[in-house]
Structure formats: C-alpha cells, structure tokens
Amino acid sequence: MFKDIMVAITRFQGDEAALAVGMQLAERDDAHLAVVIPVEFPVPVPNEWGVYPYQMYSAFYDDALKNANSLADELREKLGKQGIKFEVRVESTVLMTGAQTSAMHARYSDLVIVGAGAPDQKNYPLENNFIELLMNSGRPVLRVPHSSETDFTFDRIVIAWQPCREASRAVHDAMTFLKQAKSIDILIIDPKVGEAAHGEQPGADIAAHLARHDLNVRVVTQPAMGKTTGEAIVEYGKQTDAQLIVAGGYSHSRFREFMLGGVTRELSQHSPVPILFAH
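Residues numbered from 1 in each chain as written. Predicted model: local features only at pLDDT ≥ 70, side-chain atom pairs only at ≥ 80, totals over all residues. Heavy atoms only, no water.

Peer 1: I'd like to hear about the side chain of S271, residue by residue, with values.
Peer 2: Looking at where S271 falls in the secondary structure, it is placed in the loop between α10 (263-270) and β10 (275-278). A relative accessible area of 7% means that S271 is categorised as buried. Within the structure, the side chain of S271 is placed 2.8 Å from the backbone oxygen of V273, a separation counted as a polar contact. With residues near it in sequence (within four places) discarded, S271 still touches P145, V234, I245 and E266. (Helix = DSSP H or I, 4+ residues; strand = E, 2+ residues; numbered from the N terminus. Buried < 20%, exposed > 50% of the residue type's maximum accessible area, 1.4 Å probe, protein only. Polar contact = N/O pair within 3.5 Å; in protein donor to acceptor, adjacent residues only side chain to side chain. Contact = heavy atoms within 4.5 Å.)

Here it is, written out as structure tokens:
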C-alpha cells in the first residue's frame with residue numbers, strides 16, 4: 001500500500017481530478033497526503049530598454065504568493081472535511097522552477113499524482129511539470145486526465161508492456177494497484193522477437209513473473225493496424241473499459257519523442273484514464 005502520497009498542484013485543469021484521486025487513495029490506504037503548491041520568483045526578462053525594476057518583480061512574486069496561500073487555505077478546508085491525514089505546503093523558490101521544486105518534494109513520497117490538461121490544448125508548462133516529475137523525482141507518477149470520473153477503483157488494468165527498464169519499473173511501482181485489481185491485461189503492440197527484445201513467446205516471461213505474485217494476468221498481442229503504438233494502447237484501453245494504464249515513461253530520449261512523437265507523449269495527452277508512469 002501507499003503510505004505517503006503527494007499531489008503536485010499545477011494550476012491547470014487537471015488539479016481537481018488529481019486531488020480527488022489523492023484523497024481517495026489516502027482514505028483507502030490510510031496514507032498521508034501532501035499537497036505541494038510551488039511559487040516561483042519571476043525571472044527578470046531583458047528587453048530593448050533593459051530589465052524591469054526589481055520592485056516590479058517583487059510585486060509579481062508577492063501577488064503569486066498571496067494567491068498560493070489563498071489556494072492553500074481553500075484546500076486545507078476541503079481536505080479537513082475528508083477525515084484523512086494531510087498537509088498543504090506552499091513552497092517558495094528562487095533558484096529552482098516550480099516543477100523542480102515539486103520533483104524534489106516528490107522524492108519523499110511513495111507516489112506522486114499530477115493532473116493532465118485537455119488533449120487539444122498545448123500547455124507546455126504543464127508538460128514540463130510532468131516531465132520533471134517523471135525524470136527527476138525517482139518516484140512513480142500517476143497522471144490523471146482532467147475529465148476523469150470521481151470513482152477511481154482501478155479494477156481493470158492494462159499494462160503497456162515492452163521488455164525495457166522503464167516498463168519493468170512501472171510494473172513493480174504499480175504492484176499495489178495490481179494486487180487489488182480484478183482484471184490485468186499485459187498488452188503488447190507489434191512485438192519484435194529477438195535476443196534484445198521479446199522472447200519467443202512475447203509477454204510470457206512477465207506474465208510468469210506476475211503469476212508468482214499471485215496475480216491472474218492475460219497476455220494480449222495485437223498489431224498496430226496503421227495506428228501508432230500509443231494510439232493502439234489508448235484504443236485497447238477504451239475497448240476493454242480499462243480504468244488504469246501502466247507504462248514505462250520515456251524509454252526513448254525526450255528529444256526523439258519531441259521531434260518524432262512517442263508513446264509517452266501520446267498516452268499522457270490522449271488517454272481518457274489515469275496512467276501510472278515510471279522511468
């Protein structure tokens with residue numbers, strides 16, 4: 001079970017859904033819930049007239065800090081009615097970005113939860129927040145779509161399996177969810193058989209491993225059928241009414257994913273259900 005859960009506040013649409021998941025998991029596991037609200041000191045931006053006076057940046061910061069404290073008071077009042085153990089932290093930072101601050105605090109938790117924006121919106125600050133948490137916290141990141149339902153039972157789970165370090169880490173970080181699930185599918189899209197890839201029976205090894213943990217799993221191998229791997233995983237999740245997808249994050253370089261697209265980006269932007277990522 002998770003005993004120390006953190007929700008990273010981003011001030012985007014997904015915050016409410018992320019907080020709802022955090023509250024439900026904290027109640028289920030009798031866990032401590034930490035909600036982190038980072039506040040950045042504005043970085044001076046030079047222009048043709050030099051830079052704005054320090055007093056102006058200080059005023060921006062004071063206003064941001066005031067808003068963060070107001071939000072923290074609202075969240076404390078809301079969480080106080082839930083009967084769970086919690087704290088709300090407003091963390092000011094001068095030398096780090098808000099995303100870096102959240103990642104640092106996430107290192108002292110079992111699970112970090114962060115919201116996702118709408119699929120048709122390009123929220124680069126939100127994406128950077130997610131990437132920083134995934135790459136630099138050392139913790140599994142549960143990304144929750146802003147439109148998620150309020151009942152997060154996670155009875156039906158899909159593991160997006162590839163024989164790589166990131167996917168293996170994700171499976172083991174998801175063990176708490178897997179042990180409580182009623183249905184677990186190990187989904188493999190267009191498996192490549194080879195010495196450094198899948199074995200002769202793709203999925204058999206990870207299925208045998210999970211069976212030793214008393215988990216009843218089903219291996220599903222499917223062709224992409226003209227879709228990208230990420231699209232095929234999302235489509236399968238919809239077809240099976242999956243409530244959680246487990247996946248390795250950024251098994252390829254972030255530069256490659258930025259230039260060519262990749263499974264991590266496609267899943268995080270288009271999945272209608274929460275995804276547990278690990279790197």
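Peer 1: Which residues make up the environment of E231, and what values go with them?
Peer 2: In this fold, E231 is placed in helix α8 (residues 229-239). The class of E231 is partly exposed, set by a relative accessible area of 42%. When the C-alpha positions of E231 and H270 are compared, they lie 8.1 Å apart, and in sequence the two are 39 residues distant. Within the structure, E231 has its side chain in polar contact with the backbone nitrogen of T228 (distance 3.0 Å).

Peer 1: Summarise the packing of α8 against α10; cite the residues concerned and give the values.
Peer 2: For the pair α8 and α10, the least separation of the axes is 8 Å and the interaxial angle reads 35 degrees. As for how α8 packs across α10, the hand of that crossing is right-handed. Between α8, through T229, G230, E231, I233 and V234, and α10, the contact on the second element is made entirely by V263, E266, L267 and H270. (Axes fitted to C-alpha atoms, helices over the stretch in contact; angles between N-to-C directions. Left-handed = near helix turned anticlockwise from the far one by under 90°.)

Peer 1: Please set out α8 residue by residue, giving values where relevant.
Peer 2: All of the buried residues along α8 are G230, A232, I233, V234, Y236 and G237. Packed against the buried residues of α8 are β6 (156-160), β7 (183-189), β8 (217-222), β9 (244-248) and α10. Once α8 finishes, D241 follows within two positions and takes phi at roughly 55 degrees, a positive value.

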